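Results of the structural survey
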Amino acid sequence: MEKRELLYEGKGKRLYKTDDENVLISEFKDDLTAFNAQKIGNEEGKGALNCKISTQLFRLLEEHGIKTHLIETISDSTQLVKRVSIIPLEVVVRNIATGSLVKRLGLKDGTKLPFALVEFYYKDDDLNDPLVNDEHCLMMSLVKSESDLEELKRLGREINGILKKFFEKRGLSLVDFKVEFGIDVEGNILLSDEISPDSCRFWDMETNEKLDKDRFRQGLGGVKMAYEEVLRRILEKKD
Ligand code: TMP
Ligand code: ASP
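Residues numbered from 1 in each chain as written. Chains lettered and ligands numbered in written order. Predicted model: local features only at pLDDT ≥ 70, side-chain atom pairs only at ≥ 80, totals over all residues. Heavy atoms only, no water.

**Let's talk about helix α1 (residues 46–63)**
Relative to the 26 Å expected for 18 residues at 1.5 Å per residue, α1 spans 26 Å between its end C-alpha atoms, a close match to the ideal helical length. With 13 of 18 residues buried, α1 is to be regarded as a mostly interior element. At the exit of α1 stands G65, carrying a positive phi of roughly 90°. (Helix = DSSP H or I, 4+ residues; strand = E, 2+ residues; numbered from the N terminus. Expected span 1.5 Å × (residues − 1). Buried < 20%, exposed > 50% of the residue type's maximum accessible area, 1.4 Å probe, protein only.)

So, in structure tokens, the structure goes:
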């Protein structure tokens, strides 16, 4: 596969065209950003760790029937992926209240939610990715139909069920996460982007230690160590 020109550069990844118009190269960057890039950092090796973690998790989800954009990993920090048109929504699923949910609704940090809460945020940096409801999504044509919205919620919950169980076996509580979806040339909704400690919150079930990007957001240090620990646990063989 021949690497061609840069198609898009985001905060965490670069996407390159290839000689196949339906295939892109996704390169995971070492850059770290938080609060809509008001806080910026860099951690050598972070991109490769996220690439490995995301590859493992996408493969796990595929084994459970979730369709993804991932074709294969071609180096430490690059993947071949199917070209999709990204749905401009961040689908956030929460099991435990923390982060922006606690700030918005005044819940006690760490409260276990009675059910997995699915939220949509409109992907627009200029607007700071605002929370939107179903009617906002339809009014702005961010999705084609109500049934697509229902499908995004269903997929979010299904991914949550699979990942939560997988991480619990490895002593990690999946607090919340963000996923993105895209539509491929055949019109399928595919899980896209990445799932990594940049886009999830993991708390150690014994010590409550944070093993995700909150270490960077909150200036706790030990970012790379935390990502390495998440990868180590993912690679642990269980049953
Ligand atoms: P929040 O509590 O800040 O809304 O974050 C919810 C989850 O979404 C958390 O796991 C971090 C993830 N997330 C992203 O992946 N990208 C973002 O831009 C934001 C704000 C959160
Ligand atoms: N991803 C967002 C940023 O880059 C926010 C975050 O993850 O905290 O600024």
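**Comments concerning the site of ligand 1**
Lining the immediate environment of ligand 1, one finds 14 residues, of which R94, S100, D176, K178 and R201 sit closest. Residue D176 places a side-chain N or O atom 2.6 Å away from an oxygen atom belonging to ligand 1. Against a free-state accessible area of 440 Å², the protein chains account for coverage of 78% of ligand 1. Counting residues per element, the ones that place at least two in the shell around ligand 1 are β9 (89–96), α2 (99–105), β12 (172–183) and β14 (200–204). Class assignment of the residues belonging to the shell around ligand 1 gives a composition of four nonpolar, three polar and seven charged. (Near = heavy atom within 4 Å. Polar contact = N/O pair within 3.5 Å; in protein donor to acceptor, adjacent residues only side chain to side chain. Areas by Shrake-Rupley, 256 points an atom, 1.4 Å probe, with all protein chains shown as cover. Nonpolar A, V, L, I, M, F, W, Y, C, P; charged D, E, K, R; others polar.)

**A short note on the packing of α1 against helix α4 (residues 146–168)**
Where α1 meets α4, the axes come as close as 10 Å, and the angle between the chain directions of the two elements is 120°. Once α1 is placed against α4, the crossing between them reads as right-handed. For the pair formed by α1 and α4, the contact residues are L57, L60 and L61 on the first element and I159, I162, L163, F166 and F167 on the second. Class assignment of the residues belonging to the contact of α1 with α4 gives a composition of eight nonpolar, no polar and no charged. (Axes fitted to C-alpha atoms, helices over the stretch in contact; angles between N-to-C directions. Left-handed = near helix turned anticlockwise from the far one by under 90°. Contact = heavy atoms within 4.5 Å.)

**Topic: the nonpolar core**
The tendency in soluble globular proteins is for nonpolar side chains to be buried as a group. Within the largest apolar cluster, 48 residues are counted, with the highest numbers of intra-cluster contacts made by L89, I159, L163, F167, F181, L191 and I195. The dominant element in this core, judged by the number of residues it contributes, is α4, at eight residues. With residues up to four places along the chain from it excluded, the contact list for F181 reads S85, I86, I87, V91, L152, L155, I159, I189, L190, L191 and S192. (Core = buried A, V, L, I, M, F, W, Y, C linked by side-chain atoms within 4.5 Å.)

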